[in-house]
Amino acid sequence: MGAVYGLAAMGITLIWGVMNVINLTHGAMIVCGMFGLYLLVNALGVPAYATLPLVLVAGFLIGVALYWIAVHRMVDRPPLMSLLSTFAVNLMLVGAGTATWGTMLFNVPVSLPRLSLSLGRYTFPGTHIMAALLAAVIAGGLFFFLHRTRIGKSVRAVAANREAAELVGIPTTRVLALSFGLGVALAGVSGMLIGTMFPFTVLAGDAYQLKSFVVTVLGGFGNPMGALIAGVGLGLVEGLATPFMPVSWTLVFEFVLFVVALLVLPGGFAKFRRVRTAA
Amino acid sequence: MKRLWLIAAIGVLAAGPALADDDTITIGMTVSQTGSLNVDSVAQLHGCELWRDEVNAHGGITAGGKHYKVRFVTYDDQSQGGRVQQLYTRLIVQDKSQFLFSPYSSGLTATAAVITEQYGTIMLIGGGAEAKTYELGNKYLFQLITPADYYLYGAVQALKEKNPHASIAFVYSDDPFSRAVIAAARNHAKDAGLKIVLDESYGPTNTDFSAIINKIISSGADAFLGGGHYPDGATLARQLHEQKSGLKWVSILVAPDSPQFATLGAAADGITVPSQWEPQVKYKPDFGPTSEQLAKAFSDQFHGDADYHVASGYIEGLLLQKAIEEAGSIDPEKVTAALNKMDVTTYFGRDKFATDPQHHGLQLAHQMVLAQWQMKNGKLVKEVVWPDSAKTSGVVYPLPGGM
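Model, not experiment: these values are computed from the prediction.

## Describing the overall build of chain A
Then, number 1: Within chain A one finds twelve helices and two strands.
Then, number 2: Tracing chain A from N to C terminus, the helices and strands come up as α-α-α-α-β-β-α-α-α-α-α-α-α-α.
Then, number 3: Whereas a compact globule of 279 residues would reach a radius of gyration of roughly 19 Å, chain A reaches 19 Å, a difference of no more than 12%.
Then, number 4: Dimensions along the principal axes, computed over C-alpha positions, put chain A at roughly 60 × 50 × 35 Å.
Then, number 5: Counting all 279 residues of chain A, 50% fall into the buried class.
Then, number 6: Counting contacts in chain A only where the partners sit at least 6 residues apart, residues at least 24 apart contribute 75% of the total.

## A short note on the overall build of chain B
Then, number 1: Each helix and strand counted, chain B has eleven helices and 15 strands in total.
Then, number 2: For 403 residues, the compact-globule estimate of 2.2 N^0.38 gives 22 Å, and chain B sits close to it at 22 Å.
Then, number 3: The principal-axis extent of the C-alpha atoms belonging to chain B is close to 75 × 45 × 45 Å.
Then, number 4: Here chain B holds 403 residues, and 53% of them are scored as buried.
Then, number 5: Counted over contacts in chain B with a minimum sequence separation of 6, partners at least 24 positions apart contribute 68%.

## What to know about the pairing of strand 12 (residues 343-346) of chain B
Residue and element names in this part refer to chain B.
Then, number 1: As judged from the four bridges shared by strand 12 and strand 13 (residues 349-352), these two strands associate in the antiparallel manner. Each residue of the ladder has a partner; that of Thr 345, found in strand 13, is Arg 350.
Then, number 2: In this structure, the hairpin formed by strand 12 and strand 13 is closed by a connection of two residues.

## Structural notes on the domain arrangement of chain B
Residues and elements named next belong to chain B.
Then, number 1: For chain B, the assigned domains read domain 1 (2-148 + 282-352) and domain 2 (150-276 + 368-386).
Then, number 2: A separation of 31 Å is found between the C-alpha centroids of domain 1 and domain 2.
Then, number 3: Counting from both sides, the interface comprises 17 residues of domain 1 and, opposite them, 15 residues of domain 2.
Then, number 4: Among the secondary structure elements, those contributing two or more residues to the side of domain 1 that touches domain 2 are helix 2 (38-57), helix 4 (106-119) and helix 10 (308-327).
Then, number 5: With three residues, the top contributor of residues to the side of domain 1 that touches domain 2 is helix 10.
Then, number 6: A class-by-class count of the residues in the side of domain 1 that touches domain 2 yields eight nonpolar, five polar and four charged.

## What about the sheet that holds strand 6 (residues 141-143) of chain B?
All names here are of chain B.
Then, number 1: Overall, mixed pairing links the six strands, which are arranged 2-3-1-4-5-6 in an open sheet. Taken across any chain shown, the strands that pair with only one partner, and hence form the sheet edges, are strand 2 (61-63) and strand 6. On average, adjacent strands in this sheet sit at an angle of 30° to one another, irrespective of strand direction.
Then, number 2: Of the strand pairs in this sheet, strand 4 (residues 99-101) and strand 5 (residues 123-125) are connected by two bridges, and their pairing is parallel. Bridged to Phe 101 within strand 5 is Leu 124.
Then, number 3: Each of strand 1 (24-31), strand 2, strand 3 (66-76) and strand 4 touches helix 2; the most contacted strand, strand 3, lies at about 160° to it.
Then, number 4: The sheet contacts of helix 3 (residues 81-93) involve strand 1, strand 3 and strand 4, and relative to strand 1 the element is tilted by about 175°.

## Regarding the nonpolar core
Then, number 1: Counting 208 residues, the largest nonpolar core has A:Val4, A:Leu7, A:Ala135, A:Val189 and B:Phe224 as the members making the most contacts within it.
Then, number 2: Here this core gets 15 residues from one element, more than from any other, and that element is helix 8 (residues 172-197) of chain A.
Then, number 3: Both domain 1 (2-148 + 282-352) and domain 2 (150-276 + 368-386) of chain B contribute no fewer than three residues apiece to this core.
Then, number 4: With residues near it in sequence (within four places) discarded, A:Val189 still touches A:Leu7, A:Gly33, A:Leu52, A:Val55, A:Leu56, A:Gly59 and A:Ile138.

## A look at the interface of chain B and chain A
Then, number 1: Every contact between the two is made by 32 residues of chain B and, on the other side, 27 residues of chain A.
Then, number 2: Mapped by element, the contributors of at least two residues to the side of chain B that touches chain A are helix 2, strand 8 (195-202), helix 7 (210-219) and helix 8 (230-242) of chain B.
Then, number 3: It is helix 7 of chain B that provides the largest number of residues to the side of chain B that touches chain A, a total of seven residues.
Then, number 4: Its residues assigned to classes, the side of chain B that touches chain A shows ten nonpolar, 15 polar and seven charged.

## Notes on the environment of A:Val232
Residues and elements named next belong to chain A.
Then, number 1: With respect to the helices, strands and loops of the structure, Val 232 is situated in helix 10 (residues 224-241).
Then, number 2: For the pair Val 232 and Arg 162, spaced 70 residues apart in the sequence, the C-alpha separation amounts to 31 Å.
Then, number 3: If we skip the residues at most four places from it in the chain, Val 232 touches Gly 2, Ala 3 and Gly 6.

The rules we used
- Residues numbered from 1 in each chain as written.
- Chains lettered and ligands numbered in written order.
- Predicted model: local features only at pLDDT ≥ 70, side-chain atom pairs only at ≥ 80, totals over all residues.
- Helix = DSSP H or I, 4+ residues; strand = E, 2+ residues; numbered from the N terminus.
- Rg over C-alpha atoms; globule rule 2.2 N^0.38 Å.
- Buried ≥ 20, exposed ≤ 12 C-beta atoms within 10 Å, placed from the backbone.
- Contact = placed C-beta atoms within 7 Å.
- Pairing = 2+ DSSP bridges.
- Domains from an automatic or database assignment.
- Nonpolar A, V, L, I, M, F, W, Y, C, P; charged D, E, K, R; others polar.
- Axes fitted to C-alpha atoms, helices over the stretch in contact; angles between N-to-C directions.
- Core = buried A, V, L, I, M, F, W, Y, C linked by C-beta atoms within 7 Å.

If you want it as structure tokens, here you go:
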């Protein structure tokens, strides 16, 4: 589950890192991924995991469209403007979803018994293992894209210094749209993966959005790999803390860790690593 | 021309609240059209609407020789207490609602009750099970459903019959309704001599129960009682199944009552749910439709299956109608007196309200049933398995496939 948190958070952190926009449509985009999975599986009979590339491409296109509609004119304005703009889009999407489907429960029956793992009396369902593997593969793909391709390097250049990137001829507006599209595609894919594991409703995005923000901050804003590591870390904390404390305290424990991390390592875990390396 | 429009607009505004004439009864309520309570709340509204349409088609409510048509005023409370407070004030003051139906859920009903009591307006409650609301000296609240204290009574009794040495894990949502249900269920379990090996709540927004289920497995429990509302209950059922929790009995609140629960497939098989009403229940009504007639009328009008939220919406209207007819008037004090005296059996079962000042309005007579999803001829169907007098099938124990 931690890897999926990480994947979702990578979407937020990529957008923030490149254009300093906090994308509040993130939860709605996660839900779009869930419904993409549901509709493709139920209406078109597409096998559950074959929906991944379709959701990825659709998420990217929706993200690019969203960038031009709601974000482009807000990029150089104070952060509150883009926050409000994406929040408004989020409300519209959730409202339209509720009007269409209500908050009824949707379930996509996916089962991978051969992949499930049993350790004594404890079982790790195959769907969870598959989601973690796919999340890791996508994260690896993103790392490769950002570090080994020309466009990816442009994205990093824009994130580092937009004006300098423009001076060397990088089409920054297109890079911004591309980054937003990628961020939304990551949200959509993490929604799709969550949809293979759990039933969901139109309102399911809020809880995952909150987790994504926690993971983003822990991993260091603007650092996709930090987000993935922090996501896995948060998943482990949830799993390891529960046997030793009442379940309702797990969230409190997570947020205490979050505050401590903010105080001790305001730049996130990745920053810590970098500082140590430099030293 | 502009002036003409202005006059017309003022006319419409002035006439707005007074559109209802003397022969119309205005009933106000909020509905969670949006937000997390949407599914159950809208089902409850549909039950109310079915009653309203039937009453109006038959000429309205007859009282004191007059026939009153029924008119509803509804607003979306967005599943939020703050909205409920504003909107019930508006329903009473601005919309001149003579009677009120409750919002859905214990939390929203408790909030609405503060306002309705302040204005002395009768509110019939089909969606607020928590008993605490009725222990505050209120005079105009009437609860039609079994209080939360008895939600899991049937599950504990049925479990005890099958396994008198069962070990129970109570895992439940940290909200007022679920906490009230489990607080009482703990005592029922102790009285029945059952062992409690785990007792934990989780946050209402929890989405992944993997770690909690590992804890259930470690506790050695063979029975699970808990859940809360809609999404968490369904997720719990699916994860208990996938993680092979080894449980022999699972009772989950609210979620499994929905027909949609069957989409969980094998994970739904054998799950039990306490229910205020099921279409198969065959009470002999003193008046109004039978369960079968209600289920058919609902399916004809709304093209879906009636669940207990539909039934508890319809009963709000039916008992208000009965009270007005008995009172022979729409005077609130006379209708209150008629409701206080009421002891009736309908398709919904028996209803009678506490009249002592400490518990006024609390439901005393209505009994819940325990339903279980069972696989029959490759199809999941919901059967009533408790009490014996209402059951349509035997209990399946242990759970098929040893969830």
